[in-house]
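# Coordinate inspection notes
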Amino acid sequence: MNAINKILMLSCQQAAILGAKAGISGLSYFERLKLKMHIRMCKPCEDYGRDSQLIDQAISKIASQKSEERVELTQTQKDKILKSIS
Amino acid sequence: MTTSSENNSHSTLSQWLNEYGDDMYSWAVYKTSSKETAEDLVQETLLSAFKAFDKYKLGSNPKTWLFTILNNKIIDYYRASNTTKSINQSELMGKRVDDDNFDAQGAWSKAVSPLWANTEEHLLDNPEFVSVLSCCIENLPAQWKGVIVGKYFDHKKGVEISKDLGISSSNLWQMAHRAKLQLRGCLKQNWKTEE
């Protein structure tokens, strides 16, 4: 953590949590500013941001694939389910 | 001794399972990212339908009725993941994820290196990579999975997800954060790029 980040009172861990908050609930103006400044001065956080985006995209891809995926119950599974209600 | 009406409802349910079982199972797998959980939920749905069979109105759509029950089971499943035991489990895992990634001052620990260099397009098109990530998602604690499903699968807003899971907003952000770190770690461990 360098001096300016210390003044801004934002650790990398807090920055990463703010990043997650941004993706879910959005950030206030001040939070956005703090995060932006932190990332500009912090190479590992910049790298993490890139990883994080890639994971976002990959999960979205999985989500759209899975929404079309059809899985079938085997006969054994069906028998087991029916047995439980008899 | 089973009564004839019980026999009757049993054979109707068996017929419904054949007709709609795969649809229910597919939906439950999608919503929970777990085949095992999905099978349990379909089973519980059938059992509830059997017990409440006299509430089913003849002529109404059985699939709609079954899916109403199933969706309630899915909600219950995520709510139930909010018990002390599983909270402790995800708290324990969360602590480990934090310790693996950050030092005591909250700076990235030296051991953490970025995952990839400029290979994003290639990776997203790689079915193997996607399936490793899929597997990593399946292994998340139930509540973290609930966050992933709510955000990326159902495109729900933060307030809705925290309501569904019965957790506070700040808890939700922390879980989303930890889930992502865990997925990143899992990918690093299980995805080997040929270099």
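Let me sum up the structure you'll find in this document. (Residues numbered from 1 in each chain as written. Chains lettered and ligands numbered in written order. Predicted model: local features only at pLDDT ≥ 70, side-chain atom pairs only at ≥ 80, totals over all residues. Heavy atoms only, no water.)

With that settled, consider the packing of aromatic side chains. Residue and element names in this part refer to chain B. Under the definition given, this model contains 11 aromatic pairs over all chains. With 5.2 Å between their ring centres and 35 degrees between their planes, Tyr30 and Phe153 make a pair best called tilted. Of this pair, Tyr30 sits in helix α1 (residues 4–32) while Phe153 sits in helix α7 (residues 142–153), and the two are 123 residues apart along the sequence. Of the two residues examined, Tyr30 and Phe153, each falls in the buried class. An aromatic cluster of three or more residues is present, and its members are Trp16, Phe53, Tyr56 and Trp65. Sitting above the plane of the Tyr152 ring, Lys151 keeps its charged end 4.2 Å from the centroid. The cationic tip of Arg184 hangs over the ring face of Trp108; the distance from NZ or CZ to the ring centre is 5.6 Å. (Phe/Tyr/Trp six-rings, centres within 6.5 Å; stacked < 30°, edge-to-face > 60°. Helix = DSSP H or I, 4+ residues; strand = E, 2+ residues; numbered from the N terminus. Buried < 20%, exposed > 50% of the residue type's maximum accessible area, 1.4 Å probe, protein only. Lys NZ or Arg CZ within 6 Å of the ring centre and 35° of its normal.)

Okay, the nonpolar core next. In this structure, A:Ile59, B:Ile148, B:Phe153 and B:Leu183 are the most contacted members of the largest nonpolar core, which totals 81 residues. Every residue in contact with B:Leu183, bar those within four places of it in the chain, is listed here: A:Ile55, A:Ile59, B:Leu133, B:Cys136, B:Ile137, B:Leu140 and B:Ile148. (Core = buried A, V, L, I, M, F, W, Y, C linked by side-chain atoms within 4.5 Å. Contact = heavy atoms within 4.5 Å.)

So, about the environment of B:Pro62. Residue and element names in this part refer to chain B. Of note, Pro62 is situated in helix α3 (residues 62–80). On the basis of relative accessibility, which here comes to 14%, the residue Pro62 falls in the buried class. Not counting chain neighbours up to four residues away, the residues in contact with Pro62 comprise Trp16, Tyr20 and Tyr56.

Moving on, we come to unusual backbone geometry. Residue and element names in this part refer to chain B. Within the chain, Ser33 stands out as a residue other than glycine whose phi angle is a positive 55 degrees. Locating Ser33 in the fold gives a position in the loop between α1 and α2 (35–51). For Ser33, a relative accessible area of 3% puts it in the buried group.

Okay, α7(B) next. Residue and element names in this part refer to chain B. For α7, the tally of buried residues reaches 11 of 12 residues, placing the bulk of the element in the interior. Three or more residues of α7 are buried, namely Gln143, Trp144, Lys145, Gly146, Val147, Ile148, Val149, Gly150, Lys151, Tyr152 and Phe153. Once α7 ends, the next one or two residues include His155, with phi positive near 50 degrees.

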